[in-house]
Amino acid sequence: MAYVAPAPAEVEEVELYHAKSFITKYVFSQDAKVIAIQYSFTAIAIGVVGLVLSSMMRLQLGFPDSFSIIDPADYYQFITMHGMIMVIYLLTALFLGGFGNYLIPLMVGARDMVFPYVNMISYWVYLLAVLILVASFFVEGGPTGAGWTLYPPQAILEGTPGSGGGIILMLVSLIFFIIGFTMGGLNYVVTVLQGRTRGMTLMRMPLTIWGIFIATILALLAFPALFVGGVMLLLDRVLETSFFMPAIISMGEQLEYGGGSPILFQHLFWFFGHPEVYIVGLPAFGIVSDLISVHARRHIFGYRMMVWALVAIGGISFIVWAHHMYVSGMNPWFGFFFATTTLIIAIPTALKVYNWVLTLWKANIRFTIPMLFALGFIVTFVNGGITGLFLGNTAIDVPLSDTMFVVAHFHMVMGVAPLMVIFGAIYHWFPLMSGRMLDETLGRIHFWVTFIGAYSIFLPLHYIGFQGVPRRYFEMGETNFIPPSVQDLNAFVTVVAVMVGFAQILFFYNLFKSMSSGEIAEKNPWKAASLEWQTPEQPPAHGNFGDELPVVYRWAYAYGVPGAKDDFVPQDMHPDEVGGEGAHEASKE
Amino acid sequence: MGLFSQLAEKPWTPEQAAIDDRHKGVEFSLTTPQFGLRVFLGFVTVIFTLFVVVYVERMVFADWKPMPEPWLLWVNTAILVISSIGLQWAWVSADKGDADGVKKGLYLGGVLAFAFLTGQLLVWQQLVVLGFYASSNPASAFFYLFTALHAVHLLGGLVAWGRTAIKVKSGMDMAKVRGSVELCAVYWHFLLVIWIVIFSLLLFT
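Residues numbered from 1 in each chain as written. Chains lettered and ligands numbered in written order. Predicted model: local features only at pLDDT ≥ 70, side-chain atom pairs only at ≥ 80, totals over all residues. Heavy atoms only, no water.

Trainee: Tell me what's going on with the overall build of chain B, and back it up with residues and numbers.
Mentor: For chain B, the count of helices and strands is 7 helices and 0 strands. In chain B, the succession of α and β elements from N to C terminus is α-α-α-α-α-α-α. Relative to its length of 205 residues, chain B is extended, with a C-alpha radius of gyration of 22 Å against a globular reference of 17 Å. Structurally, chain B occupies a C-alpha span of about 70 × 45 × 20 Å along its principal axes. The buried share of chain B, reckoned over its 205 residues, is 50%. Within chain B, counting contacts between residues at least 6 apart in sequence, those at least 24 apart form 76% of the total. Put simply, chain B shows about 9,700 Å² of open surface, and 72% of that area lies on carbon and sulfur atoms. (Helix = DSSP H or I, 4+ residues; strand = E, 2+ residues; numbered from the N terminus. Rg over C-alpha atoms; globule rule 2.2 N^0.38 Å. Buried < 20%, exposed > 50% of the residue type's maximum accessible area, 1.4 Å probe, protein only. Contact = heavy atoms within 4.5 Å. Areas by Shrake-Rupley, 256 points an atom, 1.4 Å probe, with all protein chains shown as cover.)

Trainee: Go over the nonpolar core with me, naming the residues and quoting the values.
Mentor: Residues and elements named next belong to chain A. Judged by nonpolar contacts, the single largest core of 266 residues is most densely connected at Y89, F99, Y126, L150, W210, W356 and F377. When residues of this core are assigned to their parent elements, the largest contribution, 23 residues, is made by helix α3 (residues 72–108). Residue contributions to this core reach at least three from each of two domains, namely domain 1 (28–245 + 257–292) and domain 2 (522–589). Ignoring anything within four residues of it in the chain, the contact list for F377 reads F285, V288, W356, A417, P418, M420 and V421. (Core = buried A, V, L, I, M, F, W, Y, C linked by side-chain atoms within 4.5 Å. Domains from an automatic or database assignment.)

Trainee: Which residues make up helix α4 (residues 116–135) of chain A, and what values go with them?
Mentor: The end-to-end C-alpha separation of α4(A) is 29 Å, in line with the 28 Å expected for 20 residues at 1.5 Å each. Structurally, α4(A) contributes buried residues whose contacts are with α2 (32–62), α3 and α5 (165–194) of chain A. (Expected span 1.5 Å × (residues − 1).)

Trainee: Lay out the environment of R198(A) in plain terms, naming residues and giving numbers.
Mentor: Residue and element names in this part refer to chain A. With respect to the helices and strands, the residue R198 is situated in the loop between α5 and α6 (207–238). On the basis of relative accessibility, which here comes to 2%, the residue R198 falls in the buried class. Along the chain, R198 and V108 lie 90 residues apart, while their C-alpha atoms are 9.3 Å from each other.

Trainee: Hey, could you go over the interface of chain A and chain B for me, with residue numbers and the actual values?
Mentor: On the chain B side, the residues contacting the 57 residues of chain A number 43 residues. Summed over both partners, the interface of chain A with chain B buries about 4,200 Å², with 71% contributed by carbon and sulfur atoms. Ranking the residues of chain A by area buried against chain B places Q194(A), F243(A) and R304(A) at the top, with a combined share of 15%. On the surface where chain A and chain B come into contact, there are 2 salt bridges. One salt bridge in this structure joins D21(B) and R204(A), with 2.9 Å as the shortest N-O distance. Across the contact surface, chain A and chain B share 10 residue pairs in polar contact (both at pLDDT 80 or more). Counting residues per element, the ones that place at least two in the side of chain A that touches chain B are α5, α6, α7 (262–295) and α8 (303–316) of chain A. (Buried area = accessible area lost by both parts, 1.4 Å probe. Salt bridge = Lys/Arg side-chain N within 4 Å of Asp/Glu carboxyl O. Polar contact = N/O pair within 3.5 Å; in protein donor to acceptor, adjacent residues only side chain to side chain.)

Trainee: Kindly report on the environment of V118(A), identifying the contributing residues and their values.
Mentor: All names here are of chain A. With respect to the element layout, V118 can be found in helix α4. Separated by 86 residues in sequence, V118 and R204 place their C-alpha atoms 27 Å apart. Ignoring anything within four residues of it in the chain, the contact list for V118 reads M183 and N187.

Trainee: Before we move on, can you summarise the packing of aromatic side chains with the specific residues and values?
Mentor: To describe a pair of aromatic rings, one takes the distance between the centres and the angle between the planes. In this structure the tally under the stated criterion is 64 aromatic pairs over all chains. Ring geometry for W333(A) and F336(A): centres 5.8 Å apart, planes at 85°, overall edge-to-face. Here W333(A) pairs with F336(A), and both are found in helix α9 (residues 332–344), just 3 residues apart, close to one helical turn. F336(A) matches W333(A) in its accessibility class, with the two residues each being exposed. Here the aromatic rings of W124(B) and Y144(B) are separated by 5.3 Å at their centres, their planes lie at 80°, and the arrangement is edge-to-face. Here W124(B) is found in helix α5 (residues 99–129), whereas its partner Y144(B) is found in helix α6 (residues 138–169), with 20 residues between them in sequence. Given the relative accessible area of 27%, W124(B) is considered partly exposed. Among the residues examined, Y144(B) registers a relative accessible area of 11% and is labelled buried. (Phe/Tyr/Trp six-rings, centres within 6.5 Å; stacked < 30°, edge-to-face > 60°.)

Here it is, written out as structure tokens:
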């Protein structure tokens, strides 16, 4: 029986805001694609600041007596700002504000986000948060040096660098970030749930959208904890309340504080902080699934399980937070509970890794640059995940706590791994965003230098950590238990880190040069099946889909369908056009 | 369709495809703004819940001294209840297409919300006169924090209320303002519940 096409789309057209001037089109834009690019540029710009700060720290660690411009206070400030910038202002903003805004409407077949005005405000509040953060570099005393965890009491006490204006601006900036994010998050969740086009059922959504969707829900549940902690810490600092501050003698003087609980702050912070790892991780998992599938010309292995794993990881991530606090003097049973949940979360995570690998198994792998980065991600993620199993166990964590091993672990798992995905995603979607290809050779050099460089930096740090070298130390001085070879290793790491840092210039050069004079991309250059590549124009115009919204007939992974005229079948291709029998198997009914 | 059957779908099978082609999948039977507001209220609920958890946690420490309970708070609570009733009245009237009722209900609700905020400021003043500063005890610090946060949310609501009131005043079609009136009413009821929780916390601890 021939396939009978369903009646025309019943999805209601929404009234779209049409910008009339340059300012409303490109500056105060309500178009999610423009907002996405604004988010991305801001996030990457502040990320470069974070990168420079890390190089400064490395210079100090590698060559302790050579840089008189860096004093211990600077060092703490660099650590703090590097951590905060990278985790929140770069990764969270880029994955959700950048990729989320660009991809959600396009991939679910919507003309825009459901609340475009709120979406616009979201970006401007985020920018304000970034500016406040940057302003803290210029106040008296400089930015806060409390460490990115901002633990009281030291975070707000005199003696910690930046305890004047720095810490206040930091907390205010975070509060604004959360307000801005909430406005964006509202859009992402509601657009995914209500704004899909006909045929785009939840289980036909690309995994990218699933990852961003679940991560946004996590963020909407986790950021409140940071908000609560941040507001109360701010009051402790400004109004001298004692929410978190115990009775304390500082510099020989009894302070007004008394009775507060610093551990309470730690719980709040990590109740946000652990899900935050997955707020960054889940979009990366989703995007990498799509990259692998497209560039290996094969449907993703175990699609449903991939969705379940995302949901499961999201859920479990809320009951593991205290594994960051094993050394805070907690009840051992408490630690036992959190160690158990932490190890359980490895199950859905491992499942995802197996499915990525099984997707590659006997696939038609094309070693494009996005694929290289995707493979780089899998290897790095497994690496960082395994050291996570070490640290998740209380007994192993206690001696390793606060050593360079921890630094190496989280940089692998939530620094390098998501960054691999970000680079892969930029190489993958750049043709869609700009209509031009990035330079292939520069891209390959960029990948190999970054990939090998990242391992040369972070593998030695594991070893240094095993030797007992603590993190957050300005210099070691005369320390008996640390062999002198550690210093040589540190110098090596620094040299590589600076080189990798500079290698990113290649990437930016490629980005800016290709934007204006790159090779014009053919339509859908990677031959991807998902909806964002099927727009009438490339890059997609305002309203995304021309006169009529697309109607979706299949999932986003129809690659290598037997009998079809091409090796991929776009999600919105009418079954009659597919050719052969295979593509829309519904034609068999 | 439940969450689990949803997640158990097999999008690649012909049988499922035949079903999926005909609709856009699960959605909530709410308009987009209604749904957006629910998500936002969820977010605010998490914030206040965490504050309450921290409050209870902080209470057990030795330096906790309970606050006095100014009688004015009872008056404010009553005002907020009537304010909420006013918006409910506006909502019901909007459903009936009764423009006059919408106007009266909306104005009553808004004016009383301002009265509530003024009342809260008076309570603050009384407490300060009695010597309860934010820094003097965690209980008073929490009180100022809770009331301030609640007031900020109410102020945000008043912005939305103002926009709705302008629409109503300009004589816009009831069918068009109905949605905005409903959102205001739902938000007001939500803030009333939050206030009652905060107030009970103060009374019983």
